[in-house]
Amino acid sequence: MIFGLEFPTIDHLVEWPSFWGDGEWHTLNKIGLSALIATATTLGIYFIAASKAKTRLVPSGVQTIAEVGIEFIDNGIIDQTMGEEGRGWNPFLLSIFSFVLITNMFEIIPGWQMPGNARMAFPALLAIVVWLAFIGTGIKHQGPGYFKNAIIPPGVPGALLPLVALIEFVSTFLVRPFSLAVRLFANMLAGHILLVTFVVLCESLWTLEWFAVFLPLPFIMLVLLTGFELMVAFLQAYIFTILAAVYIGSSMHADH
Amino acid sequence: MELLAQIAGEDQIAFGEAVSAGFAYGLAAIGPGIGIGYLVGQSVQAMARQPEAAGMVRTTMFLGIAFTEALALIGFVVFILLKFA
């Protein structure tokens, strides 16, 4: 209860009933469906574009979208963070970017209004995948010495070494995946709650007789915030991808 | 304070949770607020002084915002946990 408004509980905002088979392995709800749609859309766009690119050099239709996506990852993310040698990571980063972007977009699609990433499961899984990817890259490029290079920065005086090694270990192997997941999750959840707050405000003004004259105020705010959330959805997908690129790029070479 | 004590008498735990949830998020927002403001301000200055480096500055700026903002978001998660969990 805030100012006499009946605000829904958090379970009501983020937990959706299953379409079928509640509790079984094949169960599906709105959030699971959004993940399936995101995966299908991404695979669809890039496979169709790839099959068309064999016969046609000038892009059109779906192929344009695919090429814009690939060039965005190449120029906007890989060149800025990993350099030329990171070009091989394009498919990985592009998959993560597309998946996060499309599941985020469901936040503002009318009638759906639920960002898949507002549940911890998706960000946590993606963060674990990125975590495995950057540790794997480190071991591949530097051998087992990667762990030593990662937690012992060069040029640290001997007395400080245990402390620095502990801090580096925690920040590299524990805080990185945690903050990666929490950043995406909390941003989307906050956006979702923000939109819900203004919807609740609009709804209760509508039912309050003459107070309905104030209805345009929260409604205009709601429309503006929906635009803002469109930006946040894109920005969070971008930040998630660029951090994944930075982490993978940083484990390619030892600090010196 | 008497009013607070009166309310607290009814349901001390819920009261404590609500108050500390409010403080948790409020305090967590101060540092990142200052940090992001300073960071973006300096980045804009850098871009204005050297427009040809704007792309690089922007990427680094977003990275910095992401790291700074994480603290505020963890505060938000603590708020959710205290208030609803």
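Residues numbered from 1 in each chain as written. Chains lettered and ligands numbered in written order. Predicted model: local features only at pLDDT ≥ 70, side-chain atom pairs only at ≥ 80, totals over all residues. Heavy atoms only, no water.

Asker: Where do I start with the interface of chain A and chain B in this structure?
Answerer: In this assembly, 19 residues from chain A lie in contact with 15 residues from chain B. When the two sides are added together, the surface that chain A and chain B hide from each other amounts to roughly 1,500 Å², 81% of it contributed by carbon and sulfur. Together, A:Ile10, A:Gln80 and A:Arg183 form the three largest contributors to the area buried by chain A at its contact with chain B, with a combined 29%. For the pair chain A and chain B, the interface holds zero salt bridges. At the level of secondary structure, the elements contributing two or more residues to the side of chain A that touches chain B comprise α7 (161-206) and α8 (216-250) of chain A. Looking at which element gives the most residues to the side of chain A that touches chain B, the answer is α7(A), with nine residues. Looking at side-chain class alone, the side of chain A that touches chain B contains 15 nonpolar, three polar and one charged residues. (Contact = heavy atoms within 4.5 Å. Buried area = accessible area lost by both parts, 1.4 Å probe. Salt bridge = Lys/Arg side-chain N within 4 Å of Asp/Glu carboxyl O. Helix = DSSP H or I, 4+ residues; strand = E, 2+ residues; numbered from the N terminus. Nonpolar A, V, L, I, M, F, W, Y, C, P; charged D, E, K, R; others polar.)

Asker: Before we go on, may I ask you to explain the environment of A:Phe97 in this structure?
Answerer: Residues and elements named next belong to chain A. Tracing the chain through its elements places Phe97 in helix α4 (residues 90-105). What makes Phe97 buried here is its relative accessible area of 8%. With 121 residues separating them in the primary sequence, Phe97 and Pro218 have C-alpha atoms 32 Å apart. Sequence-distant contacts of Phe97, that is, excluding residues within four places in its chain, are made with Phe72, Ile73, Phe234, Ala237, Tyr238 and Thr241. (Buried < 20%, exposed > 50% of the residue type's maximum accessible area, 1.4 Å probe, protein only.)

Asker: Mind showing me how you'd approach the packing of aromatic side chains here?
Answerer: All names here are of chain A. Using the criterion set out here, one finds 17 aromatic pairs over all chains in the structure. Their ring planes at 45° and their centres at 5.8 Å tell us that Phe72 and Tyr238 sit as a pair that is tilted. Taken as a pair, Phe72 in helix α3 (residues 62-81) and Tyr238 in helix α8 lie far apart in primary sequence, 166 residues in all. For Tyr238, a relative accessible area of 8% gives the class buried. Centre to centre, the rings of Phe234 and Tyr238 are 6.4 Å apart; their planes meet at 5°, and the pair counts as stacked. Of this pair, Phe234 and Tyr238 both sit in helix α8, four residues apart, which is roughly one turn of that helix. Residue Phe234 is classed as partly exposed on the basis of its relative accessible area, which comes to 35%. Just above the ring of Trp16 sits the side chain of Lys30; from NZ or CZ to the centre is 3.6 Å. Positioned above the aromatic ring of Phe134 is the side chain of Arg176, whose terminal nitrogen or guanidinium carbon lies 5.0 Å from the ring centre. (Phe/Tyr/Trp six-rings, centres within 6.5 Å; stacked < 30°, edge-to-face > 60°. Lys NZ or Arg CZ within 6 Å of the ring centre and 35° of its normal.)

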